[in-house]
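For reference, the chains in residue letters:
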Amino acid sequence: MRFNPEEITSVIRQELEQFESNVDVSEVGTVLEVGDGIARIYGLEKAGAGEMLEFENGVAAQVFNLESGSIGVVVLGEDRELHEGMTIRRTGKLLEVPVGKGLAGRVVDALGRPVDGKGPLDAETTRPVEMIAPGIAGRQPVTQPLQTGIKAIDSMTPIGRGQRELIIGDRKTGKTAIAVDTIINQASENVHCFYVAIGQKDSTVAGVVADLEANGAMAYTTVIVASAAAPAPLQYIAPYAGCAMAEHLMYNHGAHTLVVYDDLSKQAVAYRQLSLLLRRPPGREAYPGDVFYLHSRLLERAVKLSDELGAGSLTALPIIETQEGEVSAYIPTNVISITDGQIYLQPDLFRSNIRPAIDVGISVSRVGGAAQIKAMKHKKVASGLRLSLAAFRELEAFAQLGTDLDAATQAQLDRGARMVEILKQPQFKPMHVIEQVASIFAAASGHLDKVPVNRVSEFEAGLIQYLKENHAPFHEKLVESGVLDDEAEAELERICAQFSAAFLAGKAADPR
């Protein structure tokens, strides 16, 4: 039998063209030891820092340490069923989380998995949790205000879109309350909000979600939870996951976003735990040497993008818990040096029923008046407010000595007491910035000087109602322009005087 070489060649060529390789080549390692959220792996010499790995039972892990002979990984899930000798393979990917507008109204864990029982997420795509922050050319100065609805903040420590403003204080001083009120106030501001709960009790997080839902804020808010019961690696990852979700909207939709990290001191503790277990050299307070980088690479991602990149923004409100007011501790000083200012909440003020309990002495915004509307910057509103309150605190301390005071000093004390009262604000009651301007203007102009201190809040509520109902065109003009010029100042002065006279005469219900 004779073979035709050309036929054989054509058959072989056809077979080669139709051949498909089904061999899956992947690098596999072996678990040397595992426990407490970390594992040591042998055999993955080509694994990169931050790369995702997968155990044979499907549990995910991330490369944390690269050492000679082995690598250290953090386990992103339960490690109870992991044991020595198990295999683990490389994925060739970095850690990613689902992102998109469909996450609004959902509660997810640090890996973007839904935990609210509302079914699968409507995600657009995924995004790596670790991204390099935009450089100088990709940014523009922070000039657009992010209104919190809280008088004491919007007037004295204003926050701009793209800013990083630290909220710091002891436990139970109202830190989360400020963050929640700020989220609630974004209902009409078209700002997408992300609340990251790190190391908190599940019951506490459930309470925050209930408050947001009750005030209609969950419609534009995503909650990322890594509770106290979650493994330390998830508490470490959670802030980066929340930041990635906000970044997607900022870069791809030109959106304005707000991320609350509650709180970063617990993230630092989780990071310290992982570092010590993997035998990284401890430094001050047993934190590893790169704990500053832990927070700087997160908070530097807060930005007001340039017009070429869409002019979106990511505003960060990190929260730090202090011990006995120790602001000079390691983690607080680190984060203070990274952020653009801080709002310090003082326990003594909180216990004195001055809420929000903001200490105006060391609270500051490094963006300042650049993030305020012109009406708020007016000389009779926020311009001298901080100085007058500081002077009042000094006089108040002096007056406690029991010495006789002259009439001018007593008048200054009386006005200061009313100013403190006007800056008090109940939770879940954010105010529009123009209403804030009106109430502070009335106090600074002396229209409350004869109003009893215990009736200041009643006066304020009546004035706002009177302004909106009896002078609606003027109120709308102020809201639209945001400017308190000479003409508007004279009109507001007349309205305040008119209402004050009626209020003192007992006719506040209809002061016409």
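Everything that follows concerns the structure shown earlier in this document.
Rules used in this analysis
Residues numbered from 1 in each chain as written. Predicted model: local features only at pLDDT ≥ 70, side-chain atom pairs only at ≥ 80, totals over all residues. Heavy atoms only, no water. Helix = DSSP H or I, 4+ residues; strand = E, 2+ residues; numbered from the N terminus. Expected span 1.5 Å × (residues − 1). Buried < 20%, exposed > 50% of the residue type's maximum accessible area, 1.4 Å probe, protein only. Arc of directions from axis to C-beta. Contact = heavy atoms within 4.5 Å. Phe/Tyr/Trp six-rings, centres within 6.5 Å; stacked < 30°, edge-to-face > 60°. Lys NZ or Arg CZ within 6 Å of the ring centre and 35° of its normal.

Counted at 1.5 Å a residue, the expected span for helix α4 (residues 202–214) with its 13 residues is 18 Å, and the 18 Å between its end C-alpha atoms agrees. Of all the residues in α4, the buried ones are V205, V208, V209 and L212. Each buried residue of α4 sits inside an arc of 95° when the element is viewed along its axis, so together they form one side. Opposite the packed face of α4, turned more than 90 degrees from it, sit the exposed residues S203 and A214. Against the buried residues of α4 lie β8 (107–109), α3 (175–184), β11 (191–198) and β12 (221–226). Once α4 ends, the next one or two residues include G216, with phi positive near 75°.

Enumeration according to the criterion identifies 9 aromatic pairs in this entry. Their ring planes at 85° and their centres at 5.8 Å tell us that F64 and Y236 sit as a pair that is edge-to-face. Here F64 is found in strand β4 (residues 60–66), whereas its partner Y236 is found in helix α5 (residues 232–253), with 172 residues between them in sequence. Both residues of the pair, F64 and Y236, count as buried. Aromatic pair F499 and F503: ring centres 5.9 Å apart, planes at 35°, arrangement tilted. Of this pair, F499 and F503 both sit in helix α15 (residues 486–504), 4 residues apart, which is roughly one turn of that helix. Take F499 and F503: they sit in the same class, and that class is buried. Members of the aromatic cluster, each reached through a chain of ring pairs, are F64, Y236, Y240 and Y271. Sitting above the plane of the F64 ring, R280 keeps its charged end 4.2 Å from the centroid.

We now examine the environment of A60. Examined against the element boundaries, A60 turns out to sit in strand β4. Taking the C-alpha atoms as reference points, A60 and G199, separated by 139 residues in sequence, lie 20 Å from one another. In this view, A60 contacts M52, L53, V75 and L76; residues no more than four positions away in its chain are not counted.

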